[in-house]
Amino acid sequence: MPVIAMAMIPALQFDYWQWLSLTLAAPVVTYAAWPFHRAAWTNARHGAATMDTLISVGTSAAFLWSVWALFFGTAGMVGMTHPFELTIGRSDGAGNIYLEAAAGVTAFILAGRYFEVRSKRKAGAALKALLELGAKEVTLARDGAEVTVPAADLRVGDRFVVRPGEKIATDGTVVDGSSAVDASMLTGESLPVDVTPGDPVTGATLNAGGRLVVEATRVGADTQLARMARLVEDAQNGKAAAQRLADRISAVFVPAVIALALGTLGFWLGNGAGLTAAFTAAVAVLIIACPCALGLATPTALMAGTGRGAQLGILIKGPQVLETTRRIDTIALDKTGTITTGHMTLLHIHTTPATTQNDALRLAGALEHHSEHPIAQAITTHATTHLGTLPTPQNFTSLPGLGVHGTVEGHAVLVGRERLLAQREIHLPVELARAKAAAEAAGRTAITVAWDGEARAVLEVADAVKDTSAEAIRRLRALGLTPILLTGDNEAVARAVAAEVGIDEVYAQVMPEDKGGLVKRLQAEGRSVAMVGDGVNDAAALAQADLGLAMGTGTDAAIEASDLTLVRGDLRAAADAIRLSRRTLGTIRTNLFWAFAYNVAALPLAAAGLLNPMIAGAAMAFSSVFVVGNSLRLRGFKAAV
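Residues numbered from 1 in each chain as written. Predicted model: local features only at pLDDT ≥ 70, side-chain atom pairs only at ≥ 80, totals over all residues. Heavy atoms only, no water.

- An unreviewed UniProt entry lists the protein chain under the name Carbonate dehydratase, with Streptomyces fulvorobeus as the source organism.
- Check the Sequence similarities (unreviewed entry) section of the UniProt entry for the protein chain; it says "Belongs to the cation transport ATPase (P-type) (TC 3.A.3) family. Type IB subfamily."
- The UniProt entry for the protein chain carries the following comment under Subcellular location (unreviewed entry): "Cell membrane". (UniProt positions renumbered as here; feature names shortened; annotations may be inferred.)

1. Remarks on the overall build of the protein chain
Reasoning step 1: Tallying secondary structure elements over the protein chain gives 24 helices and 22 strands in all.
Reasoning step 2: Long-range pairs, those at least 24 residues apart, make up 69% of the contacts in the protein chain between residues at least 6 apart in sequence.
Reasoning step 3: Accessible surface, the protein chain as shown: approximately 26800 Å² in total, 58% of it carbon and sulfur. (Helix = DSSP H or I, 4+ residues; strand = E, 2+ residues; numbered from the N terminus. Contact = heavy atoms within 4.5 Å. Areas by Shrake-Rupley, 256 points an atom, 1.4 Å probe, with all protein chains shown as cover.)

2. Points about the packing of helix H3 (residues 34-45) against helix H4 (residues 51-71)
Reasoning step 1: Two elements in contact, H3 and H4, have axes separated by 8 Å at closest approach and are oriented at 115°. In the crossing of H3 with H4, the sense of the turn from one axis to the other is left-handed. Contact residues: Phe36, His37, Ala39, Ala40 and Asn43 in H3; Asp52, Thr53, Ile55, Ser56, Thr59 and Ser60 in H4.
Reasoning step 2: In the contact of H3 with H4, the residues fall into four nonpolar, six polar and one charged. (Axes fitted to C-alpha atoms, helices over the stretch in contact; angles between N-to-C directions. Left-handed = near helix turned anticlockwise from the far one by under 90°. Nonpolar A, V, L, I, M, F, W, Y, C, P; charged D, E, K, R; others polar.)

3. Things to note about the sheet that holds strand S19 (residues 505-507)
Reasoning step 1: Ordered in space as S10-S22-S21-S20-S11-S18-S19, the seven strands form an open sheet in which the pairing is mixed. Two strands close off the open sheet at either side, each with one partner strand: strand S10 (314-316) and S19. Direction aside, the axes of adjacent strands within the sheet are offset by 20° on average.
Reasoning step 2: Inspection of the sheet shows strand S21 (residues 547-551) paired to strand S22 (residues 564-566) by three bridges, in the parallel sense. Across the sheet, the residue bridging to alanine 550 is threonine 565, located in S22.
Reasoning step 3: Contacts between helix H20 (residues 512-524) and the sheet are confined to strand S18 (482-486), S19 and strand S20 (529-533), with S18 contributing the most and set at about 155° to the helix. (Pairing = 2+ DSSP bridges.)

4. Structural notes on the sheet that holds strand S3 (residues 159-162)
Reasoning step 1: If you trace the six strands from one edge of the open sheet to the other, you get S2-S1-S3-S9-S4-S7, paired in antiparallel fashion. Where the open sheet ends on each side, the last strands, each with one partner, are strand S2 (145-150) and strand S7 (200-201).
Reasoning step 2: Summarising the sheet, S3 and strand S9 (residues 212-218) pair through four bridges and their orientation is antiparallel. Each bridged residue has a counterpart across the sheet, and for phenylalanine 160 the counterpart in S9 is valine 214.

5. Re the side chain of threonine 330
Reasoning step 1: Residue position: threonine 330 is located in strand S11 (residues 330-333).
Reasoning step 2: Threonine 330 gets classed as buried once you look at its relative accessible area, which sits at 2%.
Reasoning step 3: For threonine 330, the side chain forms a polar contact with the side chain of aspartate 329, separated by 2.9 Å.
Reasoning step 4: Residues in contact with threonine 330, not counting those within four places in the same chain, are Leu481, Thr482, Ile484, Arg527, Ser528, Val529 and Ala530. (Buried < 20%, exposed > 50% of the residue type's maximum accessible area, 1.4 Å probe, protein only. Polar contact = N/O pair within 3.5 Å; in protein donor to acceptor, adjacent residues only side chain to side chain.)

6. Regarding a nonpolar patch on the surface
Reasoning step 1: A grouping of Phe14, Leu20 and Leu24 is seen on the molecular surface, where their side chains present a nonpolar patch of about 250 Å² in accessible area.
Reasoning step 2: Position of leucine 24 relative to the elements: it lies in helix H2 (residues 17-32). (Patch = residues over 30% accessible without salt bridge, like charges linked within 9 Å, V, L, I, M, F, W, Y side chains within 5 Å. Salt bridge = Lys/Arg side-chain N within 4 Å of Asp/Glu carboxyl O.)

7. Overview of the pairing of S9
Reasoning step 1: Across five bridges, strand S4 (residues 171-176) lies against S9 in antiparallel orientation. Residue threonine 173 lies in a different strand from S9, and its bridge partner there is glutamate 215.

8. Focus: the pairing of strand S5 (residues 179-182)
Successive residues of a regular strand alternate their side chains across the two faces of the sheet.
Reasoning step 1: As defined by bridge partners, S5 adjoins strand S6 (residues 193-195) across three bridges and the pair is classed as antiparallel. Paired with valine 181 across the strands is valine 193, a residue of S6.

9. Looking at the packing of aromatic side chains
Reasoning step 1: Tallying each qualifying case throughout the model produces five aromatic pairs.
Reasoning step 2: On the basis of an interplanar angle of 50° and a centroid distance of 5.1 Å, the ring pair of tryptophan 594 and phenylalanine 626 is categorised as tilted. Of the two residues, tryptophan 594 is situated in helix H23 (residues 572-607) and phenylalanine 626 in helix H24 (residues 613-632); the sequence distance between them amounts to 32 residues.
Reasoning step 3: Among the aromatic side chains, those forming a connected cluster through ring pairs are Phe593, Trp594 and Phe626. (Phe/Tyr/Trp six-rings, centres within 6.5 Å; stacked < 30°, edge-to-face > 60°.)

10. Some details on helix H19 (residues 491-501)
Residues spaced three or four apart along an α-helix point in a common direction, a consequence of the helix completing one turn every 3.6 residues.
Reasoning step 1: Val493, Ala494, Val497, Ala498 and Val501 are the residues of H19 that are buried. The buried residues of H19 all sit within an arc of 125° when viewed along its axis, so they share a single face. (Arc of directions from axis to C-beta.)

11. Re the pattern of salt bridges
Think of it this way: side chains of opposite charge can pair up when their charged atoms draw near.
Reasoning step 1: Counted under the stated rule, the structure contains 23 salt bridges.
Reasoning step 2: The salt bridge involving aspartate 171 is made with arginine 218; its shortest N-O contact spans 3.1 Å. A residue pair is termed long-range when its members are at least 10 positions apart, and aspartate 171 in strand S4 and arginine 218 in strand S9 qualify at 47 residues.
Reasoning step 3: A residue is classified by how much of its surface remains accessible, and aspartate 171, at 2% relative accessible area, is buried.
Reasoning step 4: For arginine 527, the salt bridge goes to glutamate 525, with nearest N and O atoms at 3.7 Å.

12. A short note on the UniProt feature "transmembrane region" (unreviewed entry) in the protein chain
Reasoning step 1: When the UniProt feature table is mapped onto this chain numbering, "transmembrane region" (unreviewed entry) sits at residues 16-34, 54-77, 97-115, 249-269, 275-298, 591-608 and 614-632.
Reasoning step 2: Counted over residues 249-269, helix gives 100% and strand 0%. Its end C-alpha atoms are 30 Å apart.
Reasoning step 3: The distance from the first to the last C-alpha atom of residues 591-608 is 27 Å, and the span holds 94% helix and 0% strand.

13. Some points on the packing of H2 against H4
Reasoning step 1: At a minimum axis separation of 11 Å, H2 and H4 run at an interaxial angle of 150°. Compared by their axis directions, H2 and H4 come out roughly antiparallel. As for the relative orientation of H2 and H4, their crossing is left-handed in sense. Together, Gln18, Trp19, Leu22, Ala25, Ala26 and Val29 of H2 and Thr59, Phe63, Val67, Leu70 and Phe71 of H4 make up the contact between the two elements.
Reasoning step 2: Its residues assigned to classes, the contact of H2 with H4 shows nine nonpolar, two polar and no charged. (Parallel < 35°, antiparallel > 145°, perpendicular 65-115°, else oblique.)

14. Describing the confidence of the model for the protein chain
Reasoning step 1: Per-chain confidence: the protein chain averages 81 in pLDDT, with 85% of residues scoring 70 or above.
Reasoning step 2: Of the regions scoring below 50 in pLDDT, residues 238-243 engages in ten contacts with residues more than four places distant in sequence or in other chains. (pLDDT = per-residue confidence, 0-100.)

15. Focus: unusual backbone geometry
Reasoning step 1: For glutamate 425, which is not glycine, the phi torsion reads 60° and is therefore positive.
Reasoning step 2: Along the polypeptide, glutamate 425 turns up in the loop between helix H16 (418-422) and helix H17 (430-441).
Reasoning step 3: Overall, glutamate 425 belongs to the exposed group, its relative accessible area being 63%.

16. What to know about helix H10 (residues 275-288)
Reasoning step 1: For H10, spanning 14 residues, the distance from its first C-alpha to its last is 20 Å, which sits close to the expected 20 Å at 1.5 Å a residue.
Reasoning step 2: Among all positions in H10, only Ala278, Thr280, Ala281, Ala282, Val283, Ala284, Val285, Leu286, Ile287 and Ile288 are buried. (Expected span 1.5 Å × (residues − 1).)

Set out below in structure tokens:
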């Protein structure tokens with residue numbers, strides 16, 4: 001910054017200021033810019049040219065010419081100044097130094113790279129987040145006693161205890177006890193799975209019901225969780241970042257500039273202008289061709305765009321994310337927690353003519369209040385919300401896989417599957433049987449309620465669709481995207497949810513390890529795929545997709561494997577995120593155009609030998625100011641109402 005200030009402000013140009021500039025600029029252009037020089041050399045050996053080539057050639061030309069002018073020209077004389085004037089006149093260049101261009105370009109571009117790198121530091125955190133989902137400790141059942149050991153010490157064949165509310169430590173088989181296991185974050189299946197002795201269970205899933213004793217069948221790297229971690233790693237490693245837009249421009253621009261510089265040198269030598277004047281013009285072409293705004297074009301737009309996104313609950317991880325948003329034509333949506341709320345909700349109460357909904361809700365809620373099953377909790381939550389305090393049951397008994405029964409307000413109450421009522425010779429009347437069949441056809445869980453020997457109600461429980469999901473799908477279609485539903489849930493549930501929100505293409509019962517493969521298959525068909533999800537089961541697909549969007553209400557593994565995070569958990573934010581990303585990318589493209597435009601406009605002056613340091617500095621300043629101002633316009637981006 002002092003080098004730029006001294007070059008641009010005549011009042012700071014004291015005696016020998018140019019030598020102080022050389023002292024300050026030398027470590028910047030040599031040591032700090034070394035990565036650019038090394039990359040340029042590597043590119044040159046392969047016959048390629050990138051943004052690094054442009055930076056290296058431009059800064060080296062500016063620095064070496066300034067050194068020559070100081071030691072062998074007239075620039076090192078006492079009292080040398082750069083007057084603040086933009087006059088155009090030919091000189092031999094022996095009295096001009098361009099140290100501010102060399103140091104300024106390096107500093108600005110390094111600052112831009114820093115902001116880009118900072119946004120990528122969490123790239124490897126997805127695997128860590130996945131592996132941290134597992135239980136840290138496990139209670140082993142040994143010789144009639146229970147011993148707590150680290151989960152890493154588990155071996156195949158060990159038997160361990162899983163209490164209600166605890167995570168299952170590893171893949172295994174239930175040998176004692178029965179419970180409901182919540183596997184939604186791994187499988188996407190919103191309905192808890194009832195397990196009894198002989199049933200398999202998966203590590204990292206949650207025991208939502210009774211006490212289980214499980215025999216370990218897979219440990220360590222063989223578990224389903226570890227296999228999913230490997231899928232995420234493979235997807236991330238194989239997902240090539242989009243080539244930097246500036247590099248694509250530079251691949252054409254750099255050879256053209258070098259050719260122009262050589263042509264300029266040859267032209268002036270051929271016209272007898274003298275070696276110094278010819279080299280002055282040729283070097284001036286290289287200097288003016290390297291715009292410092294190139295280093296600001298992407299970072300300033302990215303900072304403005306990500307800053308505005310953060311205010312709207314949209315977190316963008318880096319510039320490579322933006323490159324992909326313009327190509328997206330398909331958006332795959334997970335169901336549980338993305339389109340739906342992710343937890344069970346009581347949706348409808350069907351009763352016989354002689355029964356009121358409040359009576360059915362009060363008696364069923366009172367009994368289910370003592371059960372830990374997620375469906376029971378959904379009924380209880382609805383009952384307490386609408387009725388307040390519930391009566392206390394007597395003789396409460398839970399029958400795993402069937403339901404519960406007990407006495408409430410003097411009534412013998414049964415709540416559970418139809419099979420529970422059938423065991424007691426209680427049959428559903430026609431209207432309730434019809435309601436139950438309709439509910440199950442729509443993919444919902446139908447819970448029957450009976451008391452005093454008579455079936456009285458059917459309760460419909462399901463993972464409810466979010467109020468905003470249908471509107472979000474309409475907005476995504478308006479952006480030219482084809483939505484598809486990709487879920488581990490069963491076909492009936494998936495079709496019902498898809499119909500409710502307006503999705504035509506459905507892939508149901510997709511295993512967690514197959515989600516990434518399905519995204520890859522869609523990509524092989526020529527589609528550019530975005531994926532929106534929130535669970536561990538979505539992590540591989542999020543990493544594999546061209547653009548991964550994670551709901552901020554989801555798991556750390558999903559968030560870390562994604563490119564964009566939607567903090568609010570509102571699917572409408574996905575449409576806003578894509579619009580903001582596309583707007584930010586458009587700003588970056590405009591920035592790059594103007595970063596080059598000011599300097600390209602000055603190229604004829606340089607080739608004609610008319611470039612002076614103030615014109616070079618002015619081009620650098622004007623292009624930088626324009627780029628920053630253009631980027632700040634992103635702060636006015638508004639979410640769709």
